[in-house]
Amino acid sequence: MAEKLKLEMVTPYGTVLSEEVDDVVAPGVMGEFGILPGHRAMLALLDIGVFSYLKNGKRSYVAINWGYVDVNQDRVTVMVETAEPEDIIDLERAKRAMGRAQKTLETLTEDDKEYKVAEAALHRALIRIQVANRGR
Amino acid sequence: MTSLKTIKKRISSVKNTQQITKAMKMVSAAKLRKAQQAVLDTRPYANKMSAVIANLVNKVEVAHPLLKKRPRERALILLVTGDRGLCGGFNVNISKAVERFCRSNPEEFKQIDIAIIGRKGNEYLKRRNVNIVNVYENLTEDVNYQTAALLGEELSAAYTEERYDVIYMYYNAFRSVIAQDITRVQLLPVTMPEGEDEGSADPGYIFEPNPKEVLCQLLAKNVEVQIFRALLESRASEQGARMTSMDSATKNATEMIAKLTLQYNRARQAAITTELVEIISGAEAIK
């Protein structure tokens, strides 16, 4: 059994992460789960949420958007639409986005087509804020 | 003999053109670098996705609407071209390939519709008696994933609602700066390269939440990713094609200027000679 996990995070715009890590915690659609070395092969869908990994005793956080993770023989491949590590998140912008999304939500009802879009935007903004705060 | 003045005029007009082509070459060289990087960045994502899906399809027996094969009667072709010209045969070649496909119709479809991305493809095909159902303009310069996602959803819907039985996509794949490959892929129904990666995966794969859900989402995503990739490849190819064609245009202009200058000098010399002869013979006459 390998000691480390080979973590790779890829988005349509390029590879974000490629590191040897000790563990991975990912936001699955059925709840958060952790992956340790020696995990069985798995393919899981991911939700909008906070993704984190432990490297050299330090935990790093990434805000991710829809995607999935493929675990195979200690290789963890994370394919997501967007991934923002804690240090590149613009907290002010995220807060503004949150305010905007909240305002839009107030004007809509659940039947509106835009409701889900605004809801997702709010969710993303919240996650970003969460990630940014944790990194500090 | 053309007069000196007209030759001079031509030289300066060719010089102007050359300046334009030179500038365009520079611009597309800069754009190319960016577009090329974007293509290289997307490839791992697209390739990994196909690998995962190939793996899944072999393992899980799911009747998914995007996998279901129907009698192939109505086809849709998504043609990816550019919005601007001056890039050699980039737009024309691929439009011609599509036209040829429609004319020969190798699988004897009852109906072939074409959806076009980019103005140039439309300009070529609209006069050629083919069935164009949709034209998307101004997508090619600033490619983003959202656009591709919207297109993908539209196409998936068209397929599941049984408006089309096959959906193809034609685009220029970026091979190198000077070479583009006209590529045809079948977007839907999803086909998988056979025998890829087989047996290497753990038979006890865990799926979360369940295989069917995973496959459904991945298949829908895959269409979007493929379109996204095609858009990027096409953009890089377009810039590459423009760069090479502008480069040769600049070279041609240089040649033309050299030729015209030679002609100009000859004309000038001839004029001087005639003048001299006149003066000398005039002087002779006075003696």
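Residues numbered from 1 in each chain as written. Chains lettered and ligands numbered in written order. Predicted model: local features only at pLDDT ≥ 70, side-chain atom pairs only at ≥ 80, totals over all residues. Heavy atoms only, no water.

Draft legend 1. Structural view of the confidence of the model for chain B. Residue and element names in this part refer to chain B. Residues at a pLDDT of 70 or more form 93% of chain B, whose mean pLDDT is 86. Here strand S6 (residues 206–208) stands out as the least confident element of chain B, with mean pLDDT 79; strand S4 (residues 166–174) is the most confident, with 92. The low-confidence segment residues 195–202 (pLDDT under 50) makes 10 contacts with residues lying over four places distant or belonging to another chain. Across the interface, the model reports ipTM at 0.74; the global pTM reads 0.82. (pLDDT = per-residue confidence, 0-100. Helix = DSSP H or I, 4+ residues; strand = E, 2+ residues; numbered from the N terminus. Contact = heavy atoms within 4.5 Å.)

Draft legend 2. Focus on the domain arrangement of chain A. All names here are of chain A. For chain A, the assigned domains are domain 1 (5–86) and domain 2 (89–134). Using only C-alpha atoms to locate each centre, domain 1 and domain 2 end up separated by 23 Å. On the domain 2 side, the residues contacting the 10 residues of domain 1 number 9 residues. Viewed at the interface, domain 2 and domain 1 are joined by 1 salt bridge. Note that Glu-84 is salt-bridged to Arg-128, the shortest N-O span being 2.9 Å. Elements represented by at least two residues in the side of domain 1 that touches domain 2 include exactly strand S6 (49–55), strand S7 (58–64) and strand S10 (83–85). At 3 residues, the largest contribution of residues to the side of domain 1 that touches domain 2 is made by S7. Considered class by class, the residues forming the side of domain 1 that touches domain 2 number 6 nonpolar, 2 polar and 2 charged. (Domains from an automatic or database assignment. Salt bridge = Lys/Arg side-chain N within 4 Å of Asp/Glu carboxyl O. Nonpolar A, V, L, I, M, F, W, Y, C, P; charged D, E, K, R; others polar.)

Draft legend 3. Main features of the nonpolar core. Leu43(A), Tyr68(A), Leu218(B) and Ile227(B) are the most contacted members of the largest nonpolar core, which totals 59 residues. Only strand S5 (42–46) of chain A together with helix H1 (4–59), strand S1 (74–80), strand S2 (111–117), helix H4 (145–160), S4, strand S5 (180–188) and helix H5 (211–286) of chain B provide two or more residues apiece to this core. For this core, the element with the most residues is H5(B), which contributes 13 residues. With residues near it in sequence (within four places) discarded, Ile227(B) still touches Leu78(B), Ala148(B), Leu151(B), Gly152(B), Leu155(B), Met169(B) and Leu187(B). (Core = buried A, V, L, I, M, F, W, Y, C linked by side-chain atoms within 4.5 Å. Buried < 20%, exposed > 50% of the residue type's maximum accessible area, 1.4 Å probe, protein only.)

Draft legend 4. A look at the environment of Ala258(B). Examined against the element boundaries, Ala258(B) turns out to sit in helix H5. A sequence separation of 247 residues divides Ala258(B) from Ile11(B), and the C-alpha atoms of the two residues are 9.1 Å apart.

Draft legend 5. Spotlight on the pairing of S7(A). Residues and elements named next belong to chain A. Counting buried residues in S7 gives 5 out of 7 residues, a clear majority hidden from the surface. Between S6 and S7, which pair antiparallel and follow one another directly, the connecting turn spans 2 residues, one of which, Asn-56, has a positive phi of 50°. Alignment of S7 against S10, held across 3 bridges, turns out to be antiparallel. Of the residues in S10, the one forming a bridge with Ala-63 is Glu-84. (Pairing = 2+ DSSP bridges.)

Draft legend 6. Summary view of the interface of chain B and chain A. At the junction of the two partners, chain B supplies 26 residues and chain A supplies 29 residues. Each partner contributes to the roughly 2400 Å² buried at the junction of chain B and chain A, and carbon and sulfur atoms together form 62% of this total. Three residues stand out in chain B for area buried against chain A, namely Tyr45(B), Ile206(B) and Glu208(B), and they jointly supply 30% of the buried area on that side. Where chain B packs against chain A, one counts 2 salt bridges. The partner of Glu81(A) in a salt bridge is Lys221(B), and the shortest N-O contact between them spans 2.3 Å. The tally of links between chain B and chain A comes to 7 residue pairs in polar contact (both at pLDDT 80 or more). For the side of chain B that touches chain A, the elements supplying multiple residues, two or more each, are H1, S6 and H5 of chain B. Broken down by class, the residue content of the side of chain B that touches chain A amounts to 14 nonpolar, 5 polar and 7 charged. (Buried area = accessible area lost by both parts, 1.4 Å probe. Polar contact = N/O pair within 3.5 Å; in protein donor to acceptor, adjacent residues only side chain to side chain.)

Draft legend 7. Representation of the sheet that holds S4(B) within the structure. Residue and element names in this part refer to chain B. Overall, mixed pairing links the 5 strands, which are arranged S3-S2-S1-S4-S5 in an open sheet. Two strands bound the open sheet, and with one partner strand each, they are strand S3 (131–136) and S5. Taking the axes of each pair of neighbouring strands and ignoring which way they run, one obtains an average angle of 20° across the sheet. On top of the sheet, H5 reaches S1, S2, S4 and S5; it is set at about 35° to S4, its chief contact. (Axes fitted to C-alpha atoms, helices over the stretch in contact; angles between N-to-C directions.)

Draft legend 8. Representation of the domain arrangement of chain B within the structure. Residues and elements named next belong to chain B. Under the domain assignment, chain B is made up of domain 1 (4–24 + 246–286) and domain 2 (31–244). Taking only C-alpha atoms, the centre of domain 1 and the centre of domain 2 are 52 Å apart. With 4 residues of domain 1 in contact, the opposing surface of domain 2 contributes 4 residues. Around 370 Å² of area is buried between domain 1 and domain 2 when both sides are counted, 60% of it from carbon and sulfur atoms. Contact with domain 2 buries area across many residues of domain 1, yet Met-24, Met-246 and Asp-247 alone supply 93% of it, more than any other trio. For the interface between domain 1 and domain 2, the tally reads 0 salt bridges. At the junction of domain 1 with domain 2, the criterion picks out 6 residue pairs in polar contact (both at pLDDT 80 or more). Sorting elements by how many residues they give to the side of domain 1 that touches domain 2 places H5 first, with 3 residues. For the side of domain 1 that touches domain 2, the per-class residue count stands at 2 nonpolar, 1 polar and 1 charged.

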